[in-house]
Amino acid sequence: MVIIMDEWLELKANLIKAAEESSDLEAIEAIRISAVGKKGSITGLMKSLGGLDAESRKEAGQLLNKIKTEVTAAIDSRKVDLESSALEAQLLKDRVDVTLPVRPDKAGSIHPITQTIDELTAIFCQMGFSVAEGPHIETDYYNFTALNIPPEHPARQEQDTFYLPPDDTGVPRVLRTHTSPVQIRTMEKTAPPIKIIVPGRTFRSDHDATHSPMFHQVEGLVIDKKSHMGHLKGCLIDFCRAFFGVDDLPVRFRPSYFPFTEPSAEVDIGCTRAGGEFRIGKGDDWLEILGSGMVHPRVLAGCGIDPDEYQGFAFGMGIERIAMLKYGIPDLRPFYDSDIRWLKHYGFVPLDIPTVSKGINQ
Ligand code: DAH
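Residues numbered from 1 in each chain as written. Predicted model: local features only at pLDDT ≥ 70, side-chain atom pairs only at ≥ 80, totals over all residues. Heavy atoms only, no water.

A. Region of interest: the overall build of the protein. Secondary structure assignment for the protein yields 12 helices and 11 strands. With respect to the principal axes defined by its C-alpha atoms, the protein has extents near 130 × 60 × 40 Å. Here the protein holds 362 residues, and the buried ones make up 41% of them. Summarising the internal contacts of the protein: among those between residues at least 6 apart in sequence, 64% fall at separations of at least 24. Here the protein contributes 40 positive and 52 negative side-chain charges, whose respective centroids are spaced 3 Å apart. (Helix = DSSP H or I, 4+ residues; strand = E, 2+ residues; numbered from the N terminus. Buried < 20%, exposed > 50% of the residue type's maximum accessible area, 1.4 Å probe, protein only. Contact = heavy atoms within 4.5 Å. Lys, Arg positive; Asp, Glu negative; His and termini not counted. Charge placed at Lys NZ, Arg CZ, Asp CG, Glu CD.)

Structure below.
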């Protein structure tokens, strides 16, 4: 028995040494299997105890168990060491290089309509205007009647109105066909002087290459005791030159007719179409860009403003139209398609000033 036990102690020493010297997780696993696996050396010895008498079996069993515990502890401790150095090696290999430049951000861009609203708002706000808004669903009264367009007036037909079912009290409703009803809403609740612009959505039952059932307008309204046609002209000439960025841009006022203004004028800007190239500026041609006029006395009176005391001027223009002219966008339809390629091409970096889209009114 003594000899055998010496062999066992030698086996234990060898196994512990092998474990301590093993260099990777695979090697340590092989040692574990060779010692305490199903066919391992220690397992084999344990099985052989069956042939001994009870006394010797107890003694030898205790020794073998102790050997097994020590060998297993040595294997486990080496395994922990190897695992942590394997992890360290992996972390070193996978190290993030924080000095690498960041990946370019996929930044969104400002839609040309938003950009145009922001630009024109900035220009008018510098002239002392503030921004007003109104509902898209309007009553027939605000959209037409209060603007001196009575029920039988032919201008109602010209506007291709989307009619809605009347509200609970039977009031006829429409999707607003222009931003002009906000003139009325503002005059009803604000005492003059008034100086507002109203950018917003408008709706008409019209759809082709140059018309969309939903589009945008900006309305302007100035009411004061001494405002006159000269103010209208100065204001709109300054705006056109600032918006198109052409200091000597020719601006022409052509007599026209709108039910809510008297007199009325359409405004043209100079352009050239020489040699197939279109350019805004001094030239031999004109382009209509907006409607305007002195607010009709009947409209003022309807809002409770005395036309003998106050006068004012108003104007309205299509936002898509001036955006297309300024930025050379040839087709109206892609404005509403949300095609990423179009948006990337025609989109803008946000302006670094307070804007309507950032909440200028808040
Ligand atoms: N509301 C008109 C339209 O949609 C545009 C317009 C013309 C507005 C003259 C005005 C104005 O305020 O004075 O066609």
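B. View of the environment of Phe203. With respect to the secondary-structure elements, Phe203 resides in strand β5 (residues 194–203). Along the primary structure Phe203 and Phe215 are separated by 12 residues, whereas in three dimensions their C-alpha atoms are 6.3 Å apart. Beyond its immediate stretch of four places on either side in the chain, Phe203 contacts His136, Phe162, Leu175, Arg176, Thr177, Pro213, Met214 and Phe215.

C. Seen up close, the pattern of salt bridges. Scanning the entire structure with this criterion turns up 15 salt bridges. With its nearest N and O atoms 2.7 Å apart, the salt bridge here joins Arg185 to Glu138. In this pair, Arg185 sits in helix α8 (residues 181–189) while Glu138 sits in strand β2 (residues 137–139), placing the two residues 47 residues apart along the sequence. Judged by its relative accessible area of 24%, Arg185 falls in the partly exposed class. What emerges from the salt-bridge pattern is a single network uniting Arg252, Arg254, Glu266, Asp268 and Glu288. (Salt bridge = Lys/Arg side-chain N within 4 Å of Asp/Glu carboxyl O.)

D. Local environment of the packing of aromatic side chains. A complete count under the given rule lists 12 aromatic pairs for this structure. Both rings, one in Tyr141 and one in Tyr142, keep their centres 5.4 Å apart while their planes meet at 75°; by these two values the pair is edge-to-face. When the ring centre of Tyr142 is taken as reference, the NZ or CZ atom of Arg185 above it lies at 4.1 Å. A cation sits over an aromatic face here: Lys326 above Phe243, 4.4 Å from the ring centre. (Phe/Tyr/Trp six-rings, centres within 6.5 Å; stacked < 30°, edge-to-face > 60°. Lys NZ or Arg CZ within 6 Å of the ring centre and 35° of its normal.)

E. Molecular detail of the site of the ligand. In the region of the ligand, 15 residues are neighbours, and His178, Ser180, Arg204, Gln217 and Glu219 sit closest. At 3.0 Å, a side-chain N or O of Gln217 approaches an oxygen atom of the ligand. One nitrogen or oxygen atom from the side chain of Glu219 is found 2.6 Å from an oxygen atom belonging to the ligand. Notes on the ligand: free accessible area 360 Å², of which the protein chains cover 90%. Contributing elements (two or more residues each) for the shell around the ligand: β6 (214–224), β10 (285–295) and β11 (311–318). (Near = heavy atom within 4 Å. Polar contact = N/O pair within 3.5 Å; in protein donor to acceptor, adjacent residues only side chain to side chain. Areas by Shrake-Rupley, 256 points an atom, 1.4 Å probe, with all protein chains shown as cover.)

F. Molecular detail of the pairing of β11. The pairing of β6 with β11 spans eight bridges and is antiparallel. Paired with Val218 across the two strands is Met317, which belongs to β11. Looking at chain direction, β10 and β11 are connected through five bridges and run antiparallel. Bridge assignment links Met294 to a residue of β11, and that residue is Phe313. (Pairing = 2+ DSSP bridges.)

G. How the structure looks around the pairing of β10. Buried residues dominate β10, accounting for eight of its 11 residues. In this sheet, β10 lies alongside strand β8 (residues 261–272) in antiparallel orientation, the contact comprising nine bridges. Within β10, the position partnered with Ser264 by the bridge is Gly293.

H. Expanded view of the sheet that holds β2. Taken in spatial order, the three strands line up as β2-β4-β3 in an open sheet, and their pairing is antiparallel. The open sheet has two free edges, formed respectively by β2 and β3 (163–164), since each of these has just one partner strand. As defined by bridge partners, β2 adjoins strand β4 (residues 173–175) across three bridges and the pair is classed as antiparallel. Bridge assignment links Thr139 to a residue of β4, and that residue is Arg173.

I. Representation of unusual backbone geometry in the model. Of note, the bond from Pro192 into Pro193 is cis; its omega dihedral lies within 30 degrees of zero at 5°. A cis geometry characterises the amide bond from Glu262 onward to Pro263, with omega recorded as -5°. In this fold, Pro263 is placed in strand β8. Despite not being glycine, Asn148 has its phi angle at roughly 65°, a positive value. Its place among the elements puts Asn148 in the loop between α6 (140–143) and α7 (155–158). A relative accessible area of 13% places Asn148 in the buried class.

J. Seen up close, the nonpolar core. Leu120, Phe124, Phe244, Ile269 and Phe315 are the most contacted members of the largest nonpolar core, which has 44 residues in total. Of the residues forming this core, the biggest block, eight residues, is contributed by helix α9 (residues 229–244). Excluding residues within four positions of it along the chain, Phe315 makes contact with Phe124, Phe129, Ile197, Val218, Glu219, Gly220, Leu236, Leu290, Gly291 and Ser292. Counting residues in each nonpolar core, the second largest holds 24 residues, with Ala146, Val182, Met187 and Leu300 among its members. (Core = buried A, V, L, I, M, F, W, Y, C linked by side-chain atoms within 4.5 Å.)

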